[in-house]
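Each chain, letter by letter, is given below.
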Amino acid sequence: LPSDWMAAASAGAAAKAGFVPDPARHPAEKYRRHHHLPPLFHRETGVCLEIHHHLLNLPERFQGFPSIDEIWRSVQGSRLYPGKALVLEPALEVLTTCAHITHGDSIGRRAQNLIDLARTLEIDGPDIDRDRLEALASGPDAARALAVPLLYLAREGLAAAPESTLALFRERSGLRRWELDLLCALIDRYRIGAPPAWPLVSG
């Protein structure tokens, strides 16, 4: 995953499968320091594929995000493509999606990641290892990344995490009540300002 040859091999395999770049919308220069190569799009279906060097470009000071080696050790087989694809364990998928919301892409993408998070918790909630999720929040940066989106979903009455887990994230994050209120208000703002849904995301 982190090596250039593996990214190149993945891009070659994607090209054989019918995925092509769109340099007009996604010039290669824009992704020179990004955590994935320029997006590729399937000629027939338009499905987008991203070949990643890492799950997310986080600041060097960010404490608590697992290493690539740890991520590889915890992957699981895909339910949709058994024997052909690996996916993140549910707890790490929650952390990764939360980090995309707090440290990730454009405002619109963050709103769409919020939808992804809500769906993940709704579908995989019972299978998420609560102890593992709490262990992932051992560092203050990871705790903040988890606390803000999950507390926001809980405020909205959506599936989030048990109250005791949310309280732990709130404590470890070091965020005061007024800071959380302000951050949740900002999430409301970027939900309102989100662009139209992606073709593969329902309204």
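Caption draft 1: Local environment of the overall build of the protein. Each helix and strand counted, the protein has eight helices and five strands in total. Listed by position from the N terminus, the elements making up the protein come as α-β-β-β-α-β-β-α-α-α-α-α-α. Projecting the C-alpha coordinates of the protein onto the three principal axes gives extents of approximately 50 × 40 × 35 Å. For the protein, the proportion of its 203 residues judged to be buried stands at 39%.

Caption draft 2: Up close: the nonpolar core. The biggest cluster of nonpolar side chains holds 41 residues, and the ones touching the most others in it are Val94, Leu117, Leu146 and Leu150. Every element with two or more residues in this core is listed here: α2 (68-73), α3 (90-103), α4 (107-124), α5 (130-136), α6 (140-155), α7 (163-173) and α8 (177-192). It is α6 that contributes the most residues to this core, 10 residues altogether. With residues near it in sequence (within four places) discarded, Val94 still touches Leu117, Thr120, Leu121, Ile128, Leu133, Leu146 and Leu150. In terms of nonpolar packing, the next biggest core, distinct from the first, is built from five residues, Ala7, Ala14, Phe19 and Ile51 among them.

Caption draft 3: Examining the packing of α3 against α6 more closely. At a minimum axis distance of 8 Å, the contact between α3 and α6 shows a crossing angle of 85 degrees. With respect to α6, the axis of α3 lies roughly perpendicular. In contact with Val94, Leu95, Cys98, Ala99, Ile101, Thr102 and His103 of α3, α6 contributes Ala142, Ala145, Leu146, Val148, Pro149 and Leu150. For the contact of α3 with α6, a count of residues per class yields 11 nonpolar, two polar and no charged.

About the thresholds
- Residues numbered from 1 in each chain as written.
- Predicted model: local features only at pLDDT ≥ 70, side-chain atom pairs only at ≥ 80, totals over all residues.
- Heavy atoms only, no water.
- Helix = DSSP H or I, 4+ residues; strand = E, 2+ residues; numbered from the N terminus.
- Buried < 20%, exposed > 50% of the residue type's maximum accessible area, 1.4 Å probe, protein only.
- Core = buried A, V, L, I, M, F, W, Y, C linked by side-chain atoms within 4.5 Å.
- Contact = heavy atoms within 4.5 Å.
- Axes fitted to C-alpha atoms, helices over the stretch in contact; angles between N-to-C directions.
- Parallel < 35°, antiparallel > 145°, perpendicular 65-115°, else oblique.
- Nonpolar A, V, L, I, M, F, W, Y, C, P; charged D, E, K, R; others polar.

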